[in-house]
Amino acid sequence: MSSLTPVSEALTAMANWMMAFAACAGALVAFSGLYSWKKQGKWQKKYEILKEALLGVRMRHEAFQMLRSPLFFAGEYEAENLNNTKEKLGVWSEQVVIEKRAQNLREAREKLFPTRIEASVIWGREIEGYFEEIDKIEVRVFAAFRSLNVGTRMPARATEAEVAFRRIAYSSSDDPIGSDYAEKIRHLESFLTKKLEKLLK
């Protein structure tokens, strides 16, 4: 037979109930905190991916435009080329500059690739489609440069193929390649910007 009085039993039961309630409440708070931390972690990751993607796409666009520029700047030439003859300087230096520009674009593509993969995993096939359209244009430009003779000067007796390759390789006042590329970049940047704006609301 219990030695506790009805009042003591009631107090003991209430204390046990309060301890159980406190334990449940503590577990709920801990779970809520863990969920918030996990949610915050996902938010931060998405934010970083979008920020890196937007920056990477902009750098890639600039590298593409620079590669296709028919203008060569003094700072781009190798100093040792100054020892060459005038004829060799114009030809060989253009090779160096074009290769450096092409390498800059390749590096921009490679640097963006991990972020591109992460973005595709999170936001699906649509974003990968934008990247693939940009890839196709860059491949055409790289192929055009490989098919050209050295330098930007048009040969006196240029073939139709050479003229076509130069229109792809170099930008001009009437430049469908540059316009198409810029449009694809705008689509991708718009996609990324909308995702970022939604995330920041």
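Structural notes, computed from the coordinates. Bear in mind that the values here come from a model prediction, so they are computed numbers and not experimental data. (Residues numbered from 1 in each chain as written. Predicted model: local features only at pLDDT ≥ 70, side-chain atom pairs only at ≥ 80, totals over all residues. Heavy atoms only, no water.)

**Remarks on the overall build of the protein chain**
Argument step 1. When you go through the protein chain residue by residue, the secondary structure sums to 5 helices and 0 strands.
Argument step 2. Traced from its N-terminal end to its C-terminal end, the protein chain shows the element sequence α-α-α-α-α.
Argument step 3. At a minimum sequence separation of 6, the contacts of the protein chain that also span at least 24 residues come to 73%.
Argument step 4. Of the roughly 13,600 Å² that the protein chain leaves accessible, carbon and sulfur atoms contribute 62%. (Helix = DSSP H or I, 4+ residues; strand = E, 2+ residues; numbered from the N terminus. Contact = heavy atoms within 4.5 Å. Areas by Shrake-Rupley, 256 points an atom, 1.4 Å probe, with all protein chains shown as cover.)

**Quick look at the environment of Ala119**
Argument step 1. Tracing the sequence through the fold places Ala119 in helix α2 (residues 86-123).
Argument step 2. The spatial distance from the C-alpha of Ala119 to the C-alpha of Leu50 is 7.6 Å, given a sequence separation of 69 residues.
Argument step 3. Excluding its chain neighbours within four sequence positions, the residues that come into contact with Ala119 are Ile49, Gly124 and Ile127.

**So, helix α4 (residues 160-169)**
Argument step 1. Burial in α4 covers these residues: Glu162, Arg166, Ile168 and Ala169. Seen from one end, α4 has its buried residues packed into an arc of 160°, which puts them on one side. (Buried < 20%, exposed > 50% of the residue type's maximum accessible area, 1.4 Å probe, protein only. Arc of directions from axis to C-beta.)

**Digging into the packing of helix α3 (residues 125-147) against helix α5 (residues 176-200)**
Argument step 1. As a packed pair, α3 and α5 sit with axes 10 Å apart at the nearest point and diverge in direction by 160°. Taken together, the axes of α3 and α5 lie roughly antiparallel to each other. In the packing of α3 onto α5, the handedness of the crossing is left-handed. Residues Glu126, Ile127, Tyr130, Phe131, Glu133, Ile134, Ile137, Glu138, Arg140 and Val141 of α3 form the contact with α5, whose own contacting residues are Ile177, Asp180, Tyr181, Lys184, Ile185, His187, Leu188, Phe191 and Leu192.
Argument step 2. Classifying every residue of the contact of α3 with α5 by side-chain character gives 12 nonpolar, 1 polar and 6 charged. (Axes fitted to C-alpha atoms, helices over the stretch in contact; angles between N-to-C directions. Parallel < 35°, antiparallel > 145°, perpendicular 65-115°, else oblique. Left-handed = near helix turned anticlockwise from the far one by under 90°. Nonpolar A, V, L, I, M, F, W, Y, C, P; charged D, E, K, R; others polar.)

**A look at α3**
Helical geometry: 3.6 residues make up each α-helical turn, so side chains three or four residues apart lie on a common side.
Argument step 1. The end-to-end C-alpha distance of α3 is 33 Å, a good match for the 33 Å that 23 residues give at a rise of 1.5 Å each.
Argument step 2. Of the positions making up α3, those classed as buried are Ile127, Glu128, Tyr130, Phe131, Ile134, Asp135, Ile137, Glu138, Val141, Phe142, Ala144 and Phe145. (Expected span 1.5 Å × (residues − 1).)

**Digging into the pattern of salt bridges**
Argument step 1. Counted by the stated rule, this structure contains 13 salt bridges.
Argument step 2. Among the salt bridges present, the one from Arg60 reaches Asp135, with a minimum N-O distance of 2.5 Å. Remark: Asp135 occurs in helix α3 and Arg60 occurs in helix α1 (residues 6-68); sequence separation between them is 75 residues. Comparing Arg60 with Asp135, the two get one shared label, buried. (Salt bridge = Lys/Arg side-chain N within 4 Å of Asp/Glu carboxyl O.)

**Focus on a positive patch on the surface**
Argument step 1. Residues Lys42, Lys46, Lys198 and Lys201 make up a contiguous surface patch of positive charge.
Argument step 2. Positionally, Lys198 belongs in helix α5. (Patch = residues over 30% accessible without salt bridge, like charges linked within 9 Å, V, L, I, M, F, W, Y side chains within 5 Å. Lys, Arg positive; Asp, Glu negative; His and termini not counted. Charge placed at Lys NZ, Arg CZ, Asp CG, Glu CD.)

**Some thoughts on the packing of α3 against α4**
Argument step 1. Two elements in contact, α3 and α4, have axes whose closest approach is 8 Å; the angle formed by their N-to-C orientations is 135°. If you check the angle between α3 and α4, you find them oblique. Here the hand of the crossing between α3 and α4 comes out left-handed. For the pair α3 and α4, contact is made by Arg140, Val141, Ala144, Phe145 and Ser147 and by Phe165, Ile168 and Ala169, respectively.
Argument step 2. Looking at side-chain class alone, the contact of α3 with α4 contains 6 nonpolar, 1 polar and 1 charged residues.

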